[in-house]
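# Observations on the three-dimensional arrangement
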Amino acid sequence: MTADIRTRRSPLDGWAERLAELAPAVEVAERPFRTHVTLRLRDAGRAAAVSAVLGVELPRTPCTFTRGDGPHGPVEVAWLGPDEYLVLAEPGLQRTLESALRQAIGDASGAVIDVSAQRTTLTLSGPKARDLLAHGCAIDLHPSVSPSGTCVQALLAQSGIVLLVRDADAGEFTVLVRASFAIYLATWLLDAGVEYREYREVPV
Amino acid sequence: MQLIPCPWCGPREEVEFHYGGQAHVSYPADPAALSDEEWARFVFFRDNPRGPFAERWSHTAGCRRWFNAVRDTRSYELHAVYRLDEERPVTT
Ligand SMILES: [Zn+2]
């Protein structure tokens, strides 16, 4: 008998085709299995050591995120609270980042927790991405209010999300949603985006 | 919908928040010395003023931090919000 090989499935496994129905108005894609590490750090004196490990400064302003390229590739660090950050990196770096961050914190008061399984990552872009989000999110996403680098924890269609504004002018967003809410949110996006399915770019 | 200004995140819709009752109710310094009546007073008894009231709120759908707010119970107007490590501000 051959063994039944089970492969890992992301929360939105098999949804790519349906989500593609929203293009070209909104390009929605899941980026599965990304590394998400929660970092609690009260001692600001260790921020420099942590930044060195990540190659990115920690965000000092509430509701923002920082990004850069470091020893562990492209990394984003989101502000989640006055002593809480969410480190976002390429898939498979959970253990590497965890131990590197623990080392950087040393004996200072802090915590590093792999929370990759908690949320999945959705990227939204395209000319109607902002409008689509506005159907279910009270946050003002106009570039003058939420410029690039904004990171808010809010509700999208009653579902808790972390929203990162990657490029405000181009309308590029990242939405982190809890794994158990992912299918609900994908269904909601498809429904809220019905009016944009006929959308075609008008040549200027 | 009413907006509540979180000390960290700024003005957000009230559905993102959770109410936490009266603020500045401190734990008894010597709990063992309290009589049953005094315990009941600490656990169950809260002020219920008509007017400005210092309350605890949590930004549950946002930064998940507790903070204090002075709210007028007649008008729902928020006179001030402040962090837990800050003194109650003077409001009119
Ligand atoms: Zn907040």
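Cut-off values and rules
- Residues numbered from 1 in each chain as written.
- Chains lettered and ligands numbered in written order.
- Predicted model: local features only at pLDDT ≥ 70, side-chain atom pairs only at ≥ 80, totals over all residues.
- Heavy atoms only, no water.
- Donors = N, O, S within 2.8 Å, 3.2 Å for Na, K, Ca; no water.
- Tetrahedral: all angles 85-135°; square planar, octahedral: opposite > 155°, others 65-115°.
- Helix = DSSP H or I, 4+ residues; strand = E, 2+ residues; numbered from the N terminus.
- Pairing = 2+ DSSP bridges.
- Axes fitted to C-alpha atoms, helices over the stretch in contact; angles between N-to-C directions.
- Contact = heavy atoms within 4.5 Å.

### Here we look at the coordination of the zinc ion
All names here are of chain B. Ligation of the zinc ion by protein atoms is provided by Cys6 (SG), Cys9 (SG), His59 (ND1) and Cys63 (SG), these donors lying 2.0 to 2.4 Å from the ion. In this structure, the zinc ion is coordinated by four donor atoms arranged in tetrahedral fashion, with angles at the metal of 103 to 119°. The motif formed by the donor residues of the zinc ion, counted along the single chain, is C-x2-C-x49-H-x3-C. With Cys6 in strand S1 (residues 3-6) and Cys63 in the loop between strand S4 (52-58) and strand S5 (66-72), this pair connects stretches of sequence that are 57 residues apart.

### Some words on the sheet that holds strand S5 (residues 84-89) of chain A
Residue and element names in this part refer to chain A. Strand order in the open sheet formed by five strands is S3-S4-S5-S2-S6, and the pairing between neighbours is antiparallel. Among the strands making up the open sheet, the edge pair consists of strand S3 (65-70) and strand S6 (110-114). Averaged over all pairs of adjacent strands, the angle between their axes in this sheet comes to 20°, without regard to strand direction. In this sheet, S5 lies alongside strand S2 (residues 35-41) in antiparallel orientation, the contact comprising six bridges. Its bridge partner being in S5, Thr38 is matched across the sheet by Leu86. Across the sheet, helix H2 (residues 47-54) touches S2, S3, strand S4 (73-81) and S5, and the angle it forms with S2 is around 165°. Contacting S2, S5 and S6, helix H3 (residues 94-105) crosses the sheet at an angle of about 180° to S6.

Keep in mind that these numbers describe shape and distance, not what the molecule does.
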